[in-house]
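Geometric and topological summary
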Amino acid sequence: NKQVIFRDYVTGFPQESDMCFTTGTVKLKVPEGSNGVLVKNLYLSCDPYMRILMGKHEVSSSFSSYTPGSPLTGYGVAKVLDSGNPDFKEGDLVWGITGWEEYSLITTPQALFKIQHTDVPLSYYTGILGMPGVTAYAGFYEVSSPKKGDRVFISAASGAVGQLVGQFAKLMGCYVVGSAGSKEKIDLLKNKLGFDEAFNYKEEHNLDAALKRCFPEGIDIYFENVGGKMLDAVLLNMRVHGRIAVCGMISQYNLDQPEGVCNLMSIVYKRVRLEGFAAPDYYPQYPKFLDIVLPYIREGKITYIEDIVEGLEKGPGAIIGLFKGRNVGKQVIVVAHE
Ligand code: NDP
């Protein structure tokens, strides 16, 4: 059983050397009396929150750190090989939290979702039909109170979550602008994903001016993925009664001290609703989410861009690539084909 092991707590920018490989043996059977499931991992998802788990946290914080010397864990798609749980049987396909290894014994199978629809690519259950999809759905439809004609801004707009939020907003009849970190990503946003406008934040020395250019009348909804200087510039450009769905702040994850936000009082002046949310809170709505998103995929109304690498050994490089903007679309690792 090949595994990606987390070596030790990380400070600053993560390195590939923070992870290493081991190969051990695994019994392809659930232990007698266990109600767990034994799975063969097919796809693993690279998600920015994994960096947060690489840091050392107080036991009381909302994150429990990875355990040094143990395999990384994260979202994935897997096939059940053996089950001690009445809800799962051999051959079932599932998505949920698994290990960064070829085979995992999952002792909390209640956190797994059974995959019912296989007419779409299975890797989608790490992205559009998995946790990032629920994030985009919850953050846009549930948290942002969107309506037709709203002016919507999305940062990290070409990524796993952002590309979907933008397309949901376009389908609702909003004016949609995204920011991303390369010319390739800007072209994708404008020419493939249907954004009205997009800009490369790395080439704008004045983010406030870039936002004023794209939103002369201000922003109604900001879908926050990056934090830091971008959030500060956005606050100045919000409209009265604007909403900010705080999904994540990737620009801050590798810093020892978060960067200061200067313009927070704009929340008061403009009566802005700034609301954080977490995808798992919305998992009970997963069937409703599928009813909305599966038809969009089948009818070709939504495009989903994936960045797929082959082989567990590419995992450490792929997770670090998220923080360098190397991924174009949802970063997925193929561990095995079915
Ligand atoms: P992406 O697929 O968008 O990958 C991360 C991207 O972030 C990179 O490609 C890069 O794109 C951008 N980025 C990296 N470093 C910086 C930086 N310093 N400043 C600005 N942009 C940066 O990731 P996801 O779509 O999976 O996640 C997006 C956000 O959503 C993250 O903040 C994540 O933590 C959050 N999230 C929150 C969830 C929740 O439940 N609240 C659930 C899932 C995700 P670029 O080239 O454009 O810089």
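For clarity, every value in this text was computed on a predicted model and none was experimentally measured. (Residues numbered from 1 in each chain as written. Predicted model: local features only at pLDDT ≥ 70, side-chain atom pairs only at ≥ 80, totals over all residues.)

Notes on the overall build of the protein
Scanning the protein for helices and strands turns up nine helices and 15 strands. The C-alpha radius of gyration computed for the protein amounts to 20 Å, which stays within 12% of the reference 20 Å derived for 338 residues, consistent with globular compactness. Here the protein holds 338 residues, and the buried ones make up 44% of them. Long-range pairs, those at least 24 residues apart, make up 66% of the contacts in the protein with a sequence separation of at least 6. (Helix = DSSP H or I, 4+ residues; strand = E, 2+ residues; numbered from the N terminus. Rg over C-alpha atoms; globule rule 2.2 N^0.38 Å. Buried ≥ 20, exposed ≤ 12 C-beta atoms within 10 Å, placed from the backbone. Contact = placed C-beta atoms within 7 Å.)

Considerations on the site of the ligand
Among the 29 residues in the neighbourhood of the ligand, the closest are listed as G159, G181, G248, S251 and G325. When grouped by side-chain class, the residues that make up the shell around the ligand number 16 nonpolar, ten polar and three charged. Mapping the shell around the ligand onto the domain boundaries places at least three of its residues in each of domain 1 (2-127 + 304-334) and domain 2 (131-280). (Near = placed C-beta within 6 Å. Nonpolar A, V, L, I, M, F, W, Y, C, P; charged D, E, K, R; others polar. Domains from an automatic or database assignment.)

Side note on the pairing of strand β10 (residues 197-200)
Within a regular beta strand, the side chains point alternately toward one face of the sheet and then the other, so they alternate between its two faces. Looking at chain direction, strand β9 (residues 175-180) and β10 are connected through four bridges and run parallel. Bridge pairing in β10 links V177 to E197. In terms of handedness, the path from β9 via helix α4 (residues 183-192) over to β10 forms a crossover that is right-handed. (Pairing = 2+ DSSP bridges. Right-handed = clockwise from strand over helix to strand, strands pointing away.)

Comments concerning the domain arrangement of the protein
Its domain assignment divides the protein into domain 1 (2-127 + 304-334) and domain 2 (131-280). Computed from C-alpha coordinates alone, the two centres of domain 1 and domain 2 are separated by 28 Å. With 14 residues of domain 1 at the interface, the matching set in domain 2 holds 16 residues. Here the residues of the side of domain 1 that touches domain 2 are counted per class, giving seven nonpolar, five polar and two charged.

Description of the sheet that holds strand β12 (residues 238-246)
Strand order in the open sheet formed by six strands is β10-β9-β8-β11-β12-β13, with parallel pairing between adjacent strands. The open sheet terminates on both sides in strands that have one partner only, identified here as β10 and β13 (273-276). Adjacent strand axes in the sheet meet at a mean angle of 15° when their direction is disregarded. Bridging between β12 and β13 involves four bridges; their strand directions are parallel. When the sheet's bridge partners are listed, R243 is paired in β13 with R273. Of the strands in this sheet, β8 (151-154), β9, β11 (219-224) and β12 touch helix α6 (residues 228-237), which is tilted by about 165° from β11. (Axes fitted to C-alpha atoms, helices over the stretch in contact; angles between N-to-C directions.)

A word on unusual backbone geometry
In the Ramachandran plot, S145 falls in the positive-phi region, its phi being about 45° despite a non-glycine side chain. Mapping S145 onto the fold places it in the loop between α2 (131-143) and β8.

Describing the nonpolar core
V165, F223 and V234 are the most contacted members of the largest nonpolar core, which totals 95 residues. Taken domain by domain, this core gets at least three of its residues from each of domain 1 (2-127 + 304-334) and domain 2 (131-280). When near neighbours in sequence (up to four residues on either side) are disregarded, V165 contacts A136, G139, F140, I154 and F223. (Core = buried A, V, L, I, M, F, W, Y, C linked by C-beta atoms within 7 Å.)

Concerning helix α3 (residues 162-171)
Within an α-helix, residues lying three or four positions from one another point in the same direction, as the helix has 3.6 residues per turn. When you tally the buried positions in α3, you get eight out of ten residues, the bulk of the element. Each element contacted by the buried residues of α3 is listed here: α2, β8, β9 and β11. Immediately downstream of α3, the backbone of G173 shows phi near 90°, a positive value.

Let's talk about the UniProt feature "domain: Enoyl reductase (ER)" (unreviewed entry) in the protein
Taking the UniProt record as the reference, the feature "domain: Enoyl reductase (ER)" (unreviewed entry) is found at residues 16-333. Annotation note: span residues 16-333, helix share 25%, strand share 25%, distance between end C-alpha atoms 15 Å. (UniProt positions renumbered as here; feature names shortened; annotations may be inferred.)

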